[in-house]
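The primary structure of each chain is shown beneath.
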Amino acid sequence: MAPLYERSTVATDLDDLPTDMRASLDAYGLAHQLTFTEALPAWCTRSVNPPSNTMVGKLFRRRANPTDRDSEHQTAVIVHPTHVIVVISGAERGVSVLSAPLAVASISDGPAVGGVGPDEPGFTITGLPGDAGRPGSFYVGLGPEPAGRECADAVRAAVAAAKNA
């Protein structure tokens, strides 16, 4: 199965996030009493949803992931001293901010459910606010660069440290 997205991950400073993502992060921080400093570890992944390479996809001019209305989107992961925070931004989806307390979060490699190829780097965060009192999950796709692995390792280490403090 071909990857649904072409991804690239880089380490970033919070001030280097796109303006809409940074503004949403700051508003989220104010609403949830979280302080963000420039020194927080952060990574940003650009995900491009390329044109489909199947015959039907080409005929109807679909993208590799036809359920995603965005041709590309960005995902930022921030490791706060008490939370893991994810900011997602796309032209059609807008900007969303999710967070989970490190002591409650769980991290697993790959997606929690199907939908991406088994060789695509990424991890699933469980422990986000969900429906009906149950925890929610979110898959964070990463690029193949070393920064992608550094992001996953940093989140995993922060969750483990919080649970074992």
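Reading the values: the criteria
- All chains use their own residue numbering, which begins from 1 and follows the written sequence.
- Reporting in this predicted model follows two pLDDT cut-offs: at least 70 for local features of residues, and 80 or more for side-chain atom pairs to be given and counted; totals over whole chains, interfaces and linings ignore these cut-offs and use all residues.
- By convention in this description, side-chain values take in all heavy atoms of the structure and omit both hydrogens and water.
- Following DSSP output, two strands are said to pair if at least two bridges run between them.
- Numbering of helices and strands runs from the N terminus; a helix is a DSSP stretch of H or I covering at least four residues, while a strand is a stretch of E covering at least two.
- Geometry is summarised by axes, namely lines fitted to C-alpha atoms with helices restricted to the contacting stretch, and by angles between N-to-C directions that run from 0 to 180 degrees.
- Contacts were defined at the residue level, with two residues in contact if any of their heavy atoms lie within 4.5 Å.

S.K.: Honestly, the sheet that holds strand 8 (residues 136-141) in this entry has me stumped. Any pointers?
M.R.: What holds strands together in a sheet is hydrogen bonding between their backbones, with the strands either parallel or antiparallel. The strand order across the open sheet formed by 3 strands is 6-7-8, and the pairing between neighbours is antiparallel. This sheet does not close on itself; its edge strands, each paired only once, are strand 6 (106-109) and strand 8. On average, each strand axis in the sheet is inclined to that of its neighbour by 25 degrees, with strand direction left out of account. This element, helix 3 (residues 146-163), spans strand 6 and strand 7 (122-128) of the sheet and lies at about 145 degrees to strand 6.

S.K.: Which parts of the structure should I look at to understand the sheet that holds strand 4 (residues 83-90)?
M.R.: The 5 strands lie next to each other as 1-2-3-4-5, forming an open sheet whose pairing is antiparallel. Two strands bound the open sheet, and with one partner strand each, they are strand 1 (6-11) and strand 5 (94-101). Going from strand to strand, the sheet's axes swing by 15 degrees on average, the running direction of each strand aside. When strand 3 (residues 72-79) meets strand 4, the two strands line up antiparallel, connected through 7 bridges. For Gln-74, the partnering residue across the bridge sits in strand 4 and is Ser-89.

So, to be careful, I would describe these as geometric facts and stop short of saying anything about function.
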